[in-house]
Amino acid sequence: MVSFVCNICGRFNQVEQFATEPATCACGSNVRVRALIHLLSMELFDRSLTLAEFPKLKSIRGIGMSDKEGYAAILAEKFDYTNTYYDREPRLDFTETHTEHYGTCDFILSADVLEHIAPPVERALEETSRLLKPHGFLGITVYCNPSDTLREHFPDLHTYRTVALGDSLILVNRRADGGLEIREDLVFHGGTGETLEMREFGITSLKQKLLGAGFRDVHLLTENIPAHGILFDDDVSQPLLARKERFIMNRAAVGELIDERRAAQTEIDRLQEETESLRSESQSLRAQMSMAAGSRWIKLGRKIGVGPDFSANKR
Ligand SMILES: [Zn+2]
């Protein structure tokens, strides 16, 4: 039996048969997603908060690559965060250049996406790095195979389409040299269509590519965080952070944190005052009741079995 508080939705869970890949919370979160949010929390706040506990900091800018709605919606409440898609609005294709947004992001999240980006994947990693501020970071979950080998399935992809042929899909590719290539050994994740697996990473190649794309440091989450149901087994690739420089909170965000703390203190003061006034109100009510109970009309009513009964209120 595994007990934990989900850091996405805040639910307390007790799971009989715990496994890393399937969802282990009613919100749909699994170990990888919770690990990603744990990494985000540690990097921003140096403590592992649930999403609900994240302070609201609208001067922190984040981008999601097709993040799951379950946590994307909460991130959008907390930060200046936009979940983006490469095939629909709000659209952001990381294989294209977006000079107008360079150096503007505090964080980018890429959950199970890097294996689906058309080659060369370096192009997207470099673009990600350029979109980040000098102290920004990229949070990643991606499958890495145990043999630590990069398997690029379609290295010569150029102009291509997946086409239905009979019961299955095939890939038709016109290489840059004009040659035609047809492949039927396709692997799709979570359905068909846009989720074609382009490659399988090995952890070493992934690290190398991140360092080559302008990141300075790659930090893998290797320890379990049992309190949040983050328990790794041998099959799960470790979620990681790719940093440029170590994250530093900008001054505007620090200001927001101070404001938030101040507002919380004001709210506590107000609630204390309210409690105090309710207490004195109840005292005065009790005094009124005991006076009423002593009046001769009430006594008379009681004698003939009608009227209010204050006995339940007597302490
Ligand atoms: Zn949950």
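Everything numeric in this text was worked out from a predicted model, so none of it was measured.

Draft legend 1. Broad picture of the coordination of the zinc ion. Protein coordination at the zinc ion comes from Cys6 (SG), Cys9 (SG), Cys25 (SG) and Cys27 (SG), with a distance range of 2.3 Å. Geometry at the zinc ion is tetrahedral, judged from the four donor atoms that bind it and their angles of 99 to 115 degrees at the metal. Of note, the zinc ion draws all its donor residues from one chain, in the sequence arrangement C-x2-C-x15-C-x1-C. With Cys6 in the loop between β1 (2-5) and β2 (12-15) and Cys27 in the loop between β2 and α1 (31-45), this residue pair connects regions lying 21 residues apart in the sequence. Cys27 sits in the partly exposed class, given a relative accessible area of 31%.

Draft legend 2. Examining the sheet that holds strand β10 (residues 180-183) more closely. Pairing within the open sheet is antiparallel, and its three strands lie in the order β8-β9-β10. The strands lining the two open edges of the sheet, one partner per strand, are β8 (159-165) and β10. Direction aside, the axes of adjacent strands within the sheet are offset by 20 degrees on average. Note that β8 and strand β9 (residues 168-174) share seven bridges and pair antiparallel. From the neighbouring strand, Ala164 faces β9, where its bridge partner is Leu169.

Draft legend 3. Quick peek at the sheet that holds strand β3 (residues 57-65). The strand order across the open sheet formed by six strands is β4-β3-β5-β6-β13-β12, and the pairing between neighbours is mixed. Either end of the sheet is taken by a strand with one partner, and the two such strands are β4 (79-84) and β12 (217-220). On average, each strand axis in the sheet is inclined to that of its neighbour by 20 degrees, with strand direction left out of account. Pairing of β12 with strand β13 (residues 240-243), which is carried by four bridges, proceeds in the antiparallel orientation.

Draft legend 4. Fine view of the packing of aromatic side chains. Counted according to the given criterion, the structure contains seven aromatic pairs. On the numbers, 5.7 Å between centres and 85 degrees between planes, the contact of Phe137 with Phe247 is edge-to-face. Here the residue Phe137 occupies a position in strand β6 (residues 132-141), and Phe247 occupies one in the loop between β13 and α5 (251-293), the gap between them amounting to 110 residues. For Phe137, a relative accessible area of 1% corresponds to the buried category. The class for Phe247 is buried, based on a relative accessible area of 10%. The rings of Phe45, Phe54, Phe79, Tyr81, Phe107, Phe137 and Phe247 are connected pair by pair, giving a single aromatic cluster.

Draft legend 5. Examining helix α2 (residues 69-78) more closely. Residues of α2 that are buried include every one of Tyr71, Ala72, Ile74, Leu75 and Lys78, and no others. All buried residues of α2 lie within an arc of 165 degrees about the axis, which places them on one face of the element.

Draft legend 6. Seen up close, the nonpolar core. Ranked by size, the top nonpolar core spans 39 residues in total, and within it Tyr71 and Phe79 carry the most contacts. Within the residue set of this core, elements represented by two or more residues are β1, α1, β3, α2, β4 and β5 (105-111). The greatest single-element share of this core, amounting to nine residues, is contributed by α1. Discounting chain neighbours no more than four positions away, the residues touching Tyr71 are Ile8, Val33, Leu36, Ile37, Leu51, Leu109 and Ala111. Phe94, Val113, Leu131 and Ile140 belong to the second largest nonpolar core, which has 27 residues in total.

What counts as what
Residues numbered from 1 in each chain as written. Predicted model: local features only at pLDDT ≥ 70, side-chain atom pairs only at ≥ 80, totals over all residues. Heavy atoms only, no water. Donors = N, O, S within 2.8 Å, 3.2 Å for Na, K, Ca; no water. Tetrahedral: all angles 85-135°; square planar, octahedral: opposite > 155°, others 65-115°. Helix = DSSP H or I, 4+ residues; strand = E, 2+ residues; numbered from the N terminus. Buried < 20%, exposed > 50% of the residue type's maximum accessible area, 1.4 Å probe, protein only. Pairing = 2+ DSSP bridges. Axes fitted to C-alpha atoms, helices over the stretch in contact; angles between N-to-C directions. Phe/Tyr/Trp six-rings, centres within 6.5 Å; stacked < 30°, edge-to-face > 60°. Arc of directions from axis to C-beta. Core = buried A, V, L, I, M, F, W, Y, C linked by side-chain atoms within 4.5 Å. Contact = heavy atoms within 4.5 Å.

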